[in-house]
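# Working through the structure, step by step
The primary structure of each chain is shown beneath.
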Amino acid sequence: MFEQIARVPGDAILGLIDAFRQDTNPVKVDLGVGVYRNDRGDTPVLESVKLAEARLLEQERTKSYIGSHGDPRYTDAVLSLVLGERSPVLDAHRASATQSPGGTGALRLAADFIKANLPGKSIWLSDPTWPNHLGIFEAAGLDMHRYPYVSADNQLDFEGMISALEQAPEGDVVLLHACCHNPSGFDLDHDQWRQVLALIQRRGLLPLVDFAYQGFGDGLDEDAFGTRLLAESLDEMIITSSCSKNFGIYRERTGCFILIAKNQEQMENVRSQAAITARENYSNPPAHGGAVVAEILGDPELRSRWVAEVDEMRERINGLRRAFVDSLAPFGLSERFAHVAHQRGMFSYTGLSPEQVDRLRDEFAIYMVRSGRANVAGLRREQLDYVARAFAAVCQ
Ligand code: PMP
């Protein structure tokens, strides 16, 4: 039977990783893959995580199931991290959290939850968005629409976004990136979040906020501005959160599916549905990553060590953004790439064309996605001048 099954092309990013690995050029630069790197090009285990893991090794007494909603120590900690310590939403007991296998698992729970419980509702995704959003919502059988997000001259297209969403039928779901928009790096400012909130209220839409990079933009609380604004102003909302990046525990698959309802009664109702969705997908989430996060966030010393590590990762990225633009100045290109310093998160839409990206790879061994998306965290200080010279060469 299998002879009828066609082979599909692999993920473009995986292809890029292979090509990078095979490149023997000693100066090669990887701006493709979507993980944080330090200045030595490593993605190390955080100190706070290592310390928490040592404690867990000592203290763990069972490997029994943790239940469909996961570990309450973890989910409570994530709720406070996302919504704020003194959130009125938490005081009102109208938020439910379900531990999930990564942010991806949370998104799939959201998709299945919408499909099962909000029949006929479509989801609106930014154009561009993280490509896996398309795969996840399609696999769950949801109808998808797109709203513009980046203009042809590589700027945030806020007007285009708003006017498209004005057309969304009541009750449709709109996916928003909480911060550090992947792939573009263009984020909404406070005033724009307020306008999005007004639009959601006016049109009766349901926001799904994907929060995969908390702490990587402007700070742990700063990055939550839009998410908290919506949560405190609206009766209903979905949030998918990920600890992959800010705890550096990518492979531990640690995420959270959050449902906010009008009141505790309705929250308990939707929460019971979330448990079913989780059970039908994978029964129970993996426990280790959640236990690590709970250990860190629940211990003042580990927590402050972790906050310092998140600060360090963010400051490295934002420092590189500014330094990259500065290193383009000798080539008269700092104006043209000024947006790189203002974008947030690991990724930047550079504005380079696919042909320019090809030239960077073929002539300079600099690897990035053909859309022109660069992982800024993949840069090392010592490579800045080389990369700036290469950008200048392909921009001639
Ligand atoms: N959402 C966005 C926008 C992402 O970029 C990612 C990771 N690349 C995720 C969600 C999911 O992350 P994970 O499943 O690794 O937690």
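Residues numbered from 1 in each chain as written. Predicted model: local features only at pLDDT ≥ 70, side-chain atom pairs only at ≥ 80, totals over all residues.

An unreviewed UniProt entry annotates the chain as Aromatic amino acid aminotransferase originating from Halotalea alkalilenta. Of the chain, the UniProt comment under Subunit (unreviewed entry) reads exactly: "Homodimer." Looking at the chain in UniProt, the text filed under Cofactor (unreviewed entry) is "pyridoxal 5'-phosphate". (UniProt positions renumbered as here; feature names shortened; annotations may be inferred.)

Our next topic: the sheet that holds strand β5 (residues 173-177). What the seven strands build is an open sheet, ordered β2-β8-β7-β6-β5-β3-β4; its pairing is mixed. Of all the strands in the sheet, the pair left with one neighbour each is β2 (95-100) and β4 (144-148). Between one strand axis and the next, the sheet turns by 25° as a mean value, whatever way the strands run. Inspection of the sheet shows β5 paired to strand β6 (residues 206-211) by five bridges, in the parallel sense. Paired with V173 across the bridge in β6 is L206. Against the sheet, helix α10 (residues 264-281) makes contact with β2 and β8 (255-260), and its axis sits at roughly 10° relative to β2, the strand it touches most. (Pairing = 2+ DSSP bridges. Helix = DSSP H or I, 4+ residues; strand = E, 2+ residues; numbered from the N terminus. Axes fitted to C-alpha atoms, helices over the stretch in contact; angles between N-to-C directions. Contact = placed C-beta atoms within 7 Å.)

Residues V82, A110, W124, V174, I258 and V293 are the most contacted members of the largest nonpolar core, which totals 107 residues. Three or more residues apiece are contributed to this core by two domains, here domain 1 (7-45 + 312-394) and domain 2 (67-298). Those residues in contact with A110 that sit more than four places away from it in its chain are L208, I238, T240 and F257. (Core = buried A, V, L, I, M, F, W, Y, C linked by C-beta atoms within 7 Å. Buried ≥ 20, exposed ≤ 12 C-beta atoms within 10 Å, placed from the backbone. Domains from an automatic or database assignment.)

A few words on the packing of helix α2 (residues 47-59) against helix α11 (residues 288-297). It is at 9 Å that the axes of α2 and α11 come closest, and there the two elements cross at 105°. The orientation of α2 with respect to α11, classified from their angle, is roughly perpendicular. Each of S48, V49, A52, E53, R55 and L56 in α2 lies in contact with α11, whose residues at this interface are A291, V292, E295 and I296. Of the residues in the contact of α2 with α11, the class split is six nonpolar, one polar and three charged. (Parallel < 35°, antiparallel > 145°, perpendicular 65-115°, else oblique. Nonpolar A, V, L, I, M, F, W, Y, C, P; charged D, E, K, R; others polar.)

Let us now look at the UniProt feature "domain: Aminotransferase class I/classII large" (unreviewed entry) in the chain. In the numbering used here, UniProt assigns the feature "domain: Aminotransferase class I/classII large" (unreviewed entry) to residues 28-391. The span residues 28-391 is 45% helix and 13% strand, and its two end C-alpha atoms sit 14 Å from each other.

With respect to burial, β6 is a largely interior element, five of its six residues being buried. One crossover worth recording links β5 to the parallel β6 by way of helix α8 (residues 190-203), and it is right-handed. With four bridges connecting them, β6 and strand β7 (residues 237-242) associate as parallel partners. Across the sheet, L208 pairs through a bridge with I238, a residue of β7. Each parallel crossover has a hand, and the one from β6 via helix α9 (residues 225-233) to β7 is right-handed. (Right-handed = clockwise from strand over helix to strand, strands pointing away.)

This part covers the site of the ligand. Close contacts around the ligand come from 13 residues, with G102, G103, T104, S242 and S244 the closest. For the shell around the ligand, the per-class residue count stands at three nonpolar, nine polar and one charged. (Near = placed C-beta within 6 Å.)

A word on the pairing of β8. The buried fraction of β8 is high, at six of six residues. Burial along β8 is two-sided: the residues G255, F257 and L259 and C256, I258 and I260 are all buried. Pairing of β2 with β8, which is carried by six bridges, proceeds in the antiparallel orientation. Along β8, the bridge assignment pairs S100 with G255. Across six bridges, β7 lies against β8 in antiparallel orientation. Residue pairing in the sheet places S242 in a bridge with G255 of β8.

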